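Secondary and tertiary structure notes
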Amino acid sequence: MASLYERLGGLNAITAVVDSFAGRCAGDQRINRKFERTDIPRLKTMLVDQVCEATGGPCSYTGREMRETHAGMGVTAGEFDALVGDLVATLNEFEVPRAEQDELLGLLAPMRGDIVEVESPETGTPLPQTYAPAPALR
(Lines give C-alpha, C1' and ligand atoms only; values in the text may rest on other atoms or scores of the structure.)
Protein backbone atom coordinates (compact mmCIF):
# COMPACT_ATOMS: atom_id res chain seq x y z
CA MET A 1 0.00 0.00 0.00
CA ALA A 2 1.21 3.52 -0.77
CA SER A 3 2.39 5.67 2.13
CA LEU A 4 0.20 8.49 3.39
CA TYR A 5 2.81 10.85 1.92
CA GLU A 6 2.22 9.34 -1.54
CA ARG A 7 -1.56 9.27 -1.11
CA LEU A 8 -1.53 12.96 -0.17
CA GLY A 9 0.27 13.72 -3.43
CA GLY A 10 3.85 14.13 -2.26
CA LEU A 11 5.89 17.21 -1.43
CA ASN A 12 4.25 19.62 -3.89
CA ALA A 13 0.78 18.80 -2.59
CA ILE A 14 1.85 19.06 1.06
CA THR A 15 3.52 22.40 0.36
CA ALA A 16 0.38 23.72 -1.35
CA VAL A 17 -1.80 22.64 1.59
CA VAL A 18 0.59 24.22 4.13
CA ASP A 19 0.62 27.50 2.18
CA SER A 20 -3.16 27.63 2.07
CA PHE A 21 -3.45 26.53 5.72
CA ALA A 22 -1.06 29.29 6.85
CA GLY A 23 -3.16 31.87 5.01
CA ARG A 24 -6.36 30.50 6.55
CA CYS A 25 -4.81 30.69 10.04
CA ALA A 26 -3.61 34.26 9.42
CA GLY A 27 -7.18 35.29 8.67
CA ASP A 28 -8.71 33.44 11.64
CA GLN A 29 -9.21 35.85 14.52
CA ARG A 30 -9.71 32.93 16.88
CA ILE A 31 -6.01 32.03 16.57
CA ASN A 32 -4.02 34.57 14.58
CA ARG A 33 -2.82 36.52 17.63
CA LYS A 34 -0.70 33.48 18.55
CA PHE A 35 1.30 33.99 15.32
CA GLU A 36 2.01 37.72 15.78
CA ARG A 37 5.76 37.27 16.31
CA THR A 38 6.19 34.12 14.22
CA ASP A 39 8.57 33.97 11.28
CA ILE A 40 5.95 32.69 8.81
CA PRO A 41 8.41 31.43 6.15
CA ARG A 42 10.18 29.44 8.90
CA LEU A 43 6.85 28.10 10.18
CA LYS A 44 5.82 26.95 6.70
CA THR A 45 9.17 25.21 6.14
CA MET A 46 8.93 23.44 9.50
CA LEU A 47 5.29 22.37 8.89
CA VAL A 48 6.09 20.99 5.44
CA ASP A 49 9.05 19.02 6.83
CA GLN A 50 7.04 17.79 9.81
CA VAL A 51 4.06 16.60 7.75
CA CYS A 52 6.32 15.13 5.07
CA GLU A 53 8.32 13.12 7.62
CA ALA A 54 5.28 12.07 9.69
CA THR A 55 3.48 10.73 6.61
CA GLY A 56 6.40 8.62 5.41
CA GLY A 57 8.02 11.09 3.02
CA PRO A 58 11.72 11.75 2.50
CA CYS A 59 11.92 14.94 4.60
CA SER A 60 13.54 15.36 8.00
CA TYR A 61 11.93 17.65 10.56
CA THR A 62 14.71 19.58 12.30
CA GLY A 63 12.61 22.00 14.33
CA ARG A 64 12.12 22.15 18.05
CA GLU A 65 9.96 19.67 19.95
CA MET A 66 6.32 20.75 20.17
CA ARG A 67 6.46 21.27 23.95
CA GLU A 68 9.48 23.57 23.62
CA THR A 69 8.05 25.44 20.62
CA HIS A 70 4.74 26.19 22.34
CA ALA A 71 5.94 26.65 25.95
CA GLY A 72 4.71 29.97 27.28
CA MET A 73 2.34 30.69 24.38
CA GLY A 74 -0.73 30.09 26.52
CA VAL A 75 -2.46 28.11 23.78
CA THR A 76 -6.00 27.23 24.83
CA ALA A 77 -7.90 24.06 23.98
CA GLY A 78 -10.31 26.26 21.99
CA GLU A 79 -7.44 27.68 19.94
CA PHE A 80 -6.03 24.23 19.27
CA ASP A 81 -9.46 23.01 18.16
CA ALA A 82 -9.86 26.08 15.92
CA LEU A 83 -6.50 25.37 14.29
CA VAL A 84 -7.49 21.74 13.68
CA GLY A 85 -10.74 23.02 12.18
CA ASP A 86 -8.74 25.29 9.86
CA LEU A 87 -6.61 22.31 8.83
CA VAL A 88 -9.70 20.21 8.07
CA ALA A 89 -11.22 23.07 6.05
CA THR A 90 -7.96 23.35 4.08
CA LEU A 91 -7.84 19.60 3.46
CA ASN A 92 -11.45 19.75 2.27
CA GLU A 93 -10.55 22.66 -0.04
CA PHE A 94 -7.92 20.40 -1.64
CA GLU A 95 -10.41 17.49 -1.77
CA VAL A 96 -8.26 15.23 0.39
CA PRO A 97 -10.29 12.05 0.98
CA ARG A 98 -11.70 11.45 4.47
CA ALA A 99 -9.53 8.35 5.08
CA GLU A 100 -6.33 10.31 4.45
CA GLN A 101 -7.59 13.24 6.55
CA ASP A 102 -8.35 10.91 9.45
CA GLU A 103 -4.94 9.25 9.15
CA LEU A 104 -3.15 12.61 9.10
CA LEU A 105 -5.17 13.96 12.04
CA GLY A 106 -4.40 10.75 13.92
CA LEU A 107 -0.68 11.43 13.48
CA LEU A 108 -1.05 15.02 14.72
CA ALA A 109 -3.49 14.41 17.61
CA PRO A 110 -0.84 13.20 20.09
CA MET A 111 0.82 16.63 19.87
CA ARG A 112 -2.16 18.26 21.62
CA GLY A 113 -0.74 17.63 25.08
CA ASP A 114 2.52 19.33 24.12
CA ILE A 115 0.78 22.38 22.63
CA VAL A 116 -2.25 23.19 24.81
CA GLU A 117 -1.38 24.94 28.07
CA VAL A 118 -4.84 26.19 29.07
CA GLU A 119 -7.82 23.82 29.14
CA SER A 120 -10.37 26.44 28.16
CA PRO A 121 -12.71 26.84 25.19
CA GLU A 122 -11.59 30.48 24.89
CA THR A 123 -10.10 31.66 21.59
CA GLY A 124 -8.40 34.84 20.42
CA THR A 125 -6.19 35.16 23.47
CA PRO A 126 -3.09 37.34 23.16
CA LEU A 127 0.39 35.94 22.85
CA PRO A 128 2.10 36.57 26.21
CA GLN A 129 4.79 39.26 26.03
CA THR A 130 7.24 36.81 27.59
CA TYR A 131 6.98 34.31 24.73
CA ALA A 132 10.24 33.98 22.76
CA PRO A 133 9.70 32.69 19.21
CA ALA A 134 12.29 30.59 17.40
CA PRO A 135 14.97 32.48 15.51
CA ALA A 136 14.51 33.07 11.79
CA LEU A 137 15.99 30.56 9.38
CA ARG A 138 19.19 31.71 7.74
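Attention here is on the structure that accompanies the text. Everything numeric here is computed off the predicted structure, so don't read it as measured data.

1. Concerning helix α6 (residues 98–108)
Structurally, the α-helix is built with 3.6 residues per turn, so residues lying three or four positions apart point the same way. Regarding α6, the residues found buried are Glu100, Gln101, Leu104 and Leu108. Seen from one end, α6 has its buried residues packed into an arc of 100°, which puts them on one side. Here the buried face of α6 lies against α1 (4–8), α3 (40–54), α5 (77–93) and α7 (112–115).

2. Focus on the environment of Asp28
Mapped onto the elements, Asp28 comes out in the loop between α2 (10–26) and α3. Between the alpha carbons of Asp28 and Asp86 there is a distance of 8.3 Å; along the sequence they are 58 residues apart.

3. Remarks on the side chain of Thr125
By secondary structure assignment, the location of Thr125 is in the segment after α7. What makes Thr125 buried here is its relative accessible area of 11%. Side-chain polar atoms of Thr125 contact the side chain of Lys34, separated by 2.9 Å. Discounting chain neighbours no more than four positions away, the residues touching Thr125 are Arg33, Lys34, Gly74, Thr76 and Glu79.

Cut-offs and rules
- Residues numbered from 1 in each chain as written.
- Predicted model: local features only at pLDDT ≥ 70, side-chain atom pairs only at ≥ 80, totals over all residues.
- Heavy atoms only, no water.
- Buried < 20%, exposed > 50% of the residue type's maximum accessible area, 1.4 Å probe, protein only.
- Helix = DSSP H or I, 4+ residues; strand = E, 2+ residues; numbered from the N terminus.
- Arc of directions from axis to C-beta.
- Contact = heavy atoms within 4.5 Å.
- Polar contact = N/O pair within 3.5 Å; in protein donor to acceptor, adjacent residues only side chain to side chain.

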